Amino acid sequence: MRPLGICAAADQSLSVVKLWKGSPLSERLRIVGGARLVGEVQVTGAKNSVLKLMAAALLAPGTTTIQNVPDIADVSIMAELLTRLGCTVHREAGLVSIGVPAQPGHRADYDLVRKMRASINVLGPLVARIGEAEVALPGGDAIGSRGLDFHIKGLEALGAEAHNEHGYVIASAPNGLRGAEITLDFPSVGATENLLTAAVLAQGTTIIDNAAREPEVVDLGEFLITMGAEIKGLGTPTLVIQGVPRLHPTIHTVLPDRIVAGTWAFAAAMTRGDITIHGGRASDLEIPLEKLTSAGAIVTSTVDGFRVRMDSRPQSIDIATLPYPGFPTDLQPMVITLNAIADGNAIVTENVFEGRFMFVNELIRLGAQINVDGHHAAIHGVEQLSGAPVAATDIRAGAGLVLAGLVSDGITLVEDSFHIDRGYPNFVEQLQALGADVTRESGDLR
Ligand code: UD1
């Protein structure tokens, strides 16, 4: 596995956007701590799948329809990107349909890519389908940069010419792509997806070794198969793709969001609550749920999901994040927050994105006792945190800080809550329904 040090946190690409007075971006969440979360939530489609499915729709002219679409800001950004590429995007509750023209555009502009890194998922489909793509480099963010080298090297192996110019990746394959054997240095989710969506239209067979096995990659593969692609090995480290000359539009239902479901599971455990998570797939969360059980939670399956109940103060739990099926890095802020109020000491090791520890400074403002050393965080649990103003640095850190506010004494203000809206549909409303005292506020922080 590739060592840390070249990478940074996920999902924080909007953090480069400056706040300005009166902007919706200056919204915050106000949390009065102390509630025990009890009730039911509904989990909808996964952000990290739907965005890739929308990009992959470019592979076939005609109208592709995606169901179980979450109501989150990032879907609007991808819709805007596809519209600029000449697609007609229609959205209604839980559904998006994408009309793809015979000759889509080939350029993804910086203003959108910097807002949402998943924009780079149009790279593979565009090169495969029309033989050219210009996609802005996502660039740095508040806490570092994330490479695209695996994406580029893989496309080159498939016969594309690719280089960086004026802040864009410019890739072309005027005579089409051809199958190749590619071994990824690290099972990168984004690189696996870009190469998979390129290889489906390449001539001959492509083998991607050390491929990502995340459920969202499997969902993308299944979506491509319904479009006519020939893919074997989904969910294993070796994908074998037999290229086909063309694909056709499809209808597909997005898999449930395991990170949102996992966030609710941690919320139940942390607040000594009892939450039934409809639509959550426990099989996608085996290690997190096992860890919550060792923290003292009672996890049971239900007809359409699972339920997490906690009756006492959680016991601390050691975690190391890893690619799937390991503990997901996107739930790392939740596990650090749980440990911050747990009984005992814990070590959390981040193996995927080093910048993910940046939010720890915010937790320390709430009274958490945490020492970070390289990619390890040592946490000594305290009985209760103490409410204060803090700032979200990315989607998952934002959600983690809201959970921290729930187990804090007094009022916690989570500034820059637009990050949370990028990934959590109706977060405030669902929290309120579970009994939390959470409201939105906007304007200057006093
Ligand atoms: C996706 C998810 C993100 C999740 C992450 C890991 C989306 C929109 N985002 O991000 O929520 O936390 O998977 O599960 O789906 N890397 C390189 N070179 C590359 C590609 C990646 O060095 O060409 C490094 C990255 O810097 C990082 C590691 O590989 O250290 C993993 O990144 P990757 O799996 O690609 O994450 P994303 O697809 O960006």
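A quick note: this is a predicted structure, and the numbers were derived from the prediction, not measured.

Cut-offs and rules
Residues numbered from 1 in each chain as written. Predicted model: local features only at pLDDT ≥ 70, side-chain atom pairs only at ≥ 80, totals over all residues. Heavy atoms only, no water. Salt bridge = Lys/Arg side-chain N within 4 Å of Asp/Glu carboxyl O. Helix = DSSP H or I, 4+ residues; strand = E, 2+ residues; numbered from the N terminus. Buried < 20%, exposed > 50% of the residue type's maximum accessible area, 1.4 Å probe, protein only. Core = buried A, V, L, I, M, F, W, Y, C linked by side-chain atoms within 4.5 Å. Contact = heavy atoms within 4.5 Å. Domains from an automatic or database assignment. Expected span 1.5 Å × (residues − 1).

(A) Looking closely at the pattern of salt bridges. Here the structure, examined in full by the defined rule, presents 22 salt bridges. The salt bridge partner of R258 is E216, with a shortest N-O separation of 2.8 Å. In this pair, R258 sits in helix α8 (residues 258-270) while E216 sits in helix α7 (residues 215-226), placing the two residues 42 residues apart along the sequence. By the burial criterion, R258 is buried, and E216 matches it. Here R440 makes a salt bridge to D421, at a shortest N to O gap of 3.1 Å. Of the two residues, R440 is situated in strand β26 (residues 437-441) and D421 in helix α13 (residues 418-421); the sequence distance between them amounts to 19 residues. Of the residues examined, D421 reaches a relative accessible area of 23% and is grouped as partly exposed. Each of E80, R84, R107, D109, D111 and E134 takes part in one network of salt bridges that share partners.

(B) Summary view of the nonpolar core. With 81 residues, the main nonpolar core has M54, I66 and L224 as its most contacted residues. Not counting the four nearest positions on each side in its chain, I66 is found in contact with V50, L53, M54, G94, L95, V96, I98, F223, H252 and V254. Counting residues in hydrophobic clusters, the runner-up holds 68 residues, among them A297, M310, M334 and L366.

(C) Representation of the domain arrangement of the chain within the structure. The domains assigned to the chain are domain 1 (15-43 + 256-444) and domain 2 (106-253). Relative placement of domain 1 and domain 2: their C-alpha centres are 31 Å apart.

(D) Molecular detail of α7. A rise of 1.5 Å per residue sets the reference length of α7, with its 12 residues, at 16 Å; its end C-alpha atoms lie 17 Å apart and thus fit the reference within 8%. Counting buried positions along α7 yields 9 of 12 residues, so the element is predominantly enclosed. Considered for burial, the residues of α7 that qualify are P215, E216, V217, V218, D219, L220, G221, F223 and L224. Along its buried surface, α7 packs onto α1 (47-56), β3 (62-67), α6 (189-199), β12 (230-232), β14 (251-253) and α8. Taken from the residues just after α7, G228 is the one with a positive phi, measuring 110 degrees.

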